[in-house]
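Chains, contacts and geometry: an overview
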Amino acid sequence: MGEYKRIRQELMYQGKVVGFYKDILKLPNGNVVEWDLVKHPGAAAIIPVMDDGRIILVEQFRNALGKKTFEIPAGGIEKGETAFACVSREIEEETGYYAHQIEFLIKVVTAIGFCDETIPIYVAKNLQKTAQHLDEDEEIDLKIVTMSEAIDMIMNGTIVDSKTVSGILAYAQSLHR
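Residues numbered from 1 in each chain as written. Predicted model: local features only at pLDDT ≥ 70, side-chain atom pairs only at ≥ 80, totals over all residues. Heavy atoms only, no water.

**Remarks on the sheet that holds strand β10 (residues 141–145)**
Taking strand neighbours across the sheet as the criterion, the 3 strands line up as β6-β5-β10 in an open arrangement whose pairing is antiparallel. Lying at the two open borders of the sheet, with one neighbouring strand each, are β6 (67–71) and β10. Across the sheet, the mean angle from the axis of one strand to that of its neighbour is 30°, orientation sign disregarded. The pairing of strand β5 (residues 55–62) with β10 spans 5 bridges and is antiparallel. The partner of Ile 56 across the bridge, within β10, is Ile 144. (Pairing = 2+ DSSP bridges. Helix = DSSP H or I, 4+ residues; strand = E, 2+ residues; numbered from the N terminus. Axes fitted to C-alpha atoms, helices over the stretch in contact; angles between N-to-C directions.)

Shown next, in the form of C-alpha coordinates:
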(Lines give C-alpha, C1' and ligand atoms only; values in the text may rest on other atoms or scores of the structure.)
Protein backbone atom coordinates (compact mmCIF):
# COMPACT_ATOMS: atom_id res chain seq x y z
CA MET A 1 0.00 0.00 0.00
CA GLY A 2 1.37 3.41 -1.00
CA GLU A 3 1.33 6.68 0.88
CA TYR A 4 -1.37 9.26 1.34
CA LYS A 5 0.03 12.75 0.86
CA ARG A 6 -1.60 15.95 2.05
CA ILE A 7 -1.14 18.50 -0.73
CA ARG A 8 -2.91 21.38 0.98
CA GLN A 9 -5.06 22.17 3.99
CA GLU A 10 -7.38 25.18 3.96
CA LEU A 11 -9.12 26.61 7.02
CA MET A 12 -12.71 27.17 5.92
CA TYR A 13 -14.08 28.44 9.26
CA GLN A 14 -12.76 28.81 12.79
CA GLY A 15 -15.45 28.37 15.42
CA LYS A 16 -15.30 29.02 19.15
CA VAL A 17 -13.90 25.52 19.77
CA VAL A 18 -13.26 23.73 16.47
CA GLY A 19 -11.79 24.58 13.09
CA PHE A 20 -13.30 23.34 9.83
CA TYR A 21 -10.77 22.47 7.12
CA LYS A 22 -10.73 21.30 3.51
CA ASP A 23 -7.87 18.86 2.96
CA ILE A 24 -6.59 18.14 -0.52
CA LEU A 25 -4.91 14.72 -0.56
CA LYS A 26 -3.17 12.57 -3.12
CA LEU A 27 -4.10 8.91 -2.72
CA PRO A 28 -1.68 6.02 -3.27
CA ASN A 29 -3.38 5.34 -6.62
CA GLY A 30 -2.63 8.90 -7.77
CA ASN A 31 -6.17 10.30 -7.42
CA VAL A 32 -6.47 13.74 -5.83
CA VAL A 33 -9.44 14.12 -3.46
CA GLU A 34 -10.97 16.65 -1.06
CA TRP A 35 -11.77 15.54 2.46
CA ASP A 36 -13.43 17.46 5.28
CA LEU A 37 -11.57 17.70 8.58
CA VAL A 38 -12.68 19.12 11.92
CA LYS A 39 -9.76 19.97 14.21
CA HIS A 40 -10.46 19.90 17.93
CA PRO A 41 -8.06 21.25 20.57
CA GLY A 42 -8.57 18.26 22.88
CA ALA A 43 -10.87 17.04 25.61
CA ALA A 44 -10.81 14.57 28.49
CA ALA A 45 -13.49 12.55 30.30
CA ILE A 46 -13.89 10.80 33.62
CA ILE A 47 -16.06 8.06 35.09
CA PRO A 48 -16.99 8.99 38.69
CA VAL A 49 -17.37 5.79 40.72
CA MET A 50 -18.95 6.01 44.15
CA ASP A 51 -17.76 3.85 47.05
CA ASP A 52 -20.63 1.40 46.43
CA GLY A 53 -19.64 1.03 42.74
CA ARG A 54 -22.41 3.14 41.26
CA ILE A 55 -21.49 5.59 38.48
CA ILE A 56 -22.41 9.27 38.32
CA LEU A 57 -23.72 10.37 34.93
CA VAL A 58 -24.44 13.93 33.89
CA GLU A 59 -27.59 14.82 31.98
CA GLN A 60 -27.29 17.87 29.78
CA PHE A 61 -28.72 19.41 26.63
CA ARG A 62 -26.72 18.75 23.46
CA ASN A 63 -27.43 21.08 20.59
CA ALA A 64 -26.22 18.62 17.93
CA LEU A 65 -29.04 16.23 18.88
CA GLY A 66 -31.52 18.84 20.06
CA LYS A 67 -32.14 16.99 23.31
CA LYS A 68 -30.70 16.05 26.69
CA THR A 69 -28.23 13.17 26.87
CA PHE A 70 -26.62 11.07 29.59
CA GLU A 71 -22.82 11.17 29.61
CA ILE A 72 -19.77 10.82 31.78
CA PRO A 73 -18.33 14.20 32.82
CA ALA A 74 -15.96 15.71 30.26
CA GLY A 75 -14.60 18.97 29.05
CA GLY A 76 -12.17 20.72 26.80
CA ILE A 77 -8.54 20.79 27.77
CA GLU A 78 -7.60 24.42 28.33
CA LYS A 79 -4.40 25.90 26.90
CA GLY A 80 -1.43 24.72 28.98
CA GLU A 81 -3.57 22.19 30.88
CA THR A 82 -2.97 18.44 30.99
CA ALA A 83 -5.76 15.92 30.44
CA PHE A 84 -5.38 14.85 34.08
CA ALA A 85 -5.81 18.44 35.30
CA CYS A 86 -8.82 18.82 33.00
CA VAL A 87 -10.69 15.82 34.42
CA SER A 88 -9.74 16.79 37.98
CA ARG A 89 -11.41 20.14 37.36
CA GLU A 90 -14.36 18.88 35.30
CA ILE A 91 -15.52 16.19 37.72
CA GLU A 92 -15.99 18.72 40.50
CA GLU A 93 -17.43 21.42 38.23
CA GLU A 94 -20.03 19.11 36.68
CA THR A 95 -20.88 16.68 39.49
CA GLY A 96 -19.99 18.48 42.69
CA TYR A 97 -17.67 15.66 43.77
CA TYR A 98 -13.93 15.91 44.36
CA ALA A 99 -11.94 12.82 43.34
CA HIS A 100 -9.15 11.71 45.68
CA GLN A 101 -8.08 8.95 43.26
CA ILE A 102 -7.91 9.26 39.46
CA GLU A 103 -6.52 6.62 37.10
CA PHE A 104 -6.19 6.53 33.31
CA LEU A 105 -8.45 3.96 31.60
CA ILE A 106 -8.40 4.31 27.78
CA LYS A 107 -8.12 6.82 24.95
CA VAL A 108 -10.72 7.13 22.16
CA VAL A 109 -11.05 9.05 18.92
CA THR A 110 -14.64 10.26 18.84
CA ALA A 111 -15.41 10.63 15.12
CA ILE A 112 -12.42 9.22 13.25
CA GLY A 113 -13.93 9.73 9.78
CA PHE A 114 -13.81 13.53 9.90
CA CYS A 115 -12.51 14.79 13.26
CA ASP A 116 -9.17 14.56 15.10
CA GLU A 117 -10.68 14.83 18.60
CA THR A 118 -8.96 12.39 20.95
CA ILE A 119 -10.31 11.88 24.46
CA PRO A 120 -8.41 10.18 27.25
CA ILE A 121 -10.87 8.65 29.72
CA TYR A 122 -10.11 8.29 33.42
CA VAL A 123 -11.79 6.61 36.39
CA ALA A 124 -12.35 8.55 39.62
CA LYS A 125 -12.76 6.90 43.02
CA ASN A 126 -12.76 7.96 46.66
CA LEU A 127 -15.20 10.77 45.92
CA GLN A 128 -15.95 13.55 48.36
CA LYS A 129 -19.15 15.62 48.02
CA THR A 130 -18.47 19.33 47.43
CA ALA A 131 -20.55 21.56 45.12
CA GLN A 132 -21.12 21.93 41.39
CA HIS A 133 -19.45 24.90 39.69
CA LEU A 134 -21.19 24.95 36.32
CA ASP A 135 -20.08 27.11 33.40
CA GLU A 136 -22.52 29.83 32.35
CA ASP A 137 -23.65 27.76 29.34
CA GLU A 138 -24.22 24.56 31.35
CA GLU A 139 -27.30 23.17 33.04
CA ILE A 140 -26.51 19.71 34.38
CA ASP A 141 -28.52 17.18 36.37
CA LEU A 142 -26.97 14.05 37.88
CA LYS A 143 -28.11 10.45 37.55
CA ILE A 144 -26.46 7.83 39.72
CA VAL A 145 -26.69 4.31 38.28
CA THR A 146 -25.33 0.84 38.85
CA MET A 147 -22.97 -0.66 36.27
CA SER A 148 -25.77 -2.97 35.13
CA GLU A 149 -28.12 0.00 34.68
CA ALA A 150 -25.45 1.92 32.74
CA ILE A 151 -24.92 -1.01 30.38
CA ASP A 152 -28.68 -1.39 29.95
CA MET A 153 -28.85 2.34 29.08
CA ILE A 154 -26.18 1.77 26.41
CA MET A 155 -27.89 -1.29 24.97
CA ASN A 156 -31.37 0.30 24.86
CA GLY A 157 -30.08 3.50 23.22
CA THR A 158 -30.52 5.82 26.19
CA ILE A 159 -26.74 6.43 26.27
CA VAL A 160 -25.45 7.15 22.76
CA ASP A 161 -22.41 9.35 23.37
CA SER A 162 -19.29 7.59 22.07
CA LYS A 163 -16.93 8.56 24.91
CA THR A 164 -19.52 7.43 27.46
CA VAL A 165 -20.25 4.13 25.73
CA SER A 166 -16.53 3.40 25.31
CA GLY A 167 -15.65 4.47 28.82
CA ILE A 168 -18.37 2.52 30.61
CA LEU A 169 -17.78 -0.66 28.62
CA ALA A 170 -14.01 -0.43 29.10
CA TYR A 171 -14.45 0.17 32.83
CA ALA A 172 -16.89 -2.77 33.10
CA GLN A 173 -14.35 -4.98 31.33
CA SER A 174 -11.56 -3.80 33.64
CA LEU A 175 -13.56 -4.96 36.66
CA HIS A 176 -13.38 -8.55 35.36
CA ARG A 177 -9.60 -8.67 34.97
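**Considering the packing of aromatic side chains**
One pass over the structure, following the stated rule, counts 4 aromatic pairs. Both rings, one in Tyr 4 and one in Trp 35, keep their centres 6.3 Å apart while their planes meet at 35°; by these two values the pair is tilted. Here Tyr 4 is found in the segment before β1 (5–14), whereas its partner Trp 35 is found in strand β3 (residues 32–39), with 31 residues between them in sequence. A residue is classified by how much of its surface remains accessible, and Trp 35, at 42% relative accessible area, is partly exposed. (Phe/Tyr/Trp six-rings, centres within 6.5 Å; stacked < 30°, edge-to-face > 60°. Buried < 20%, exposed > 50% of the residue type's maximum accessible area, 1.4 Å probe, protein only.)

Geometry only, nothing functional implied.
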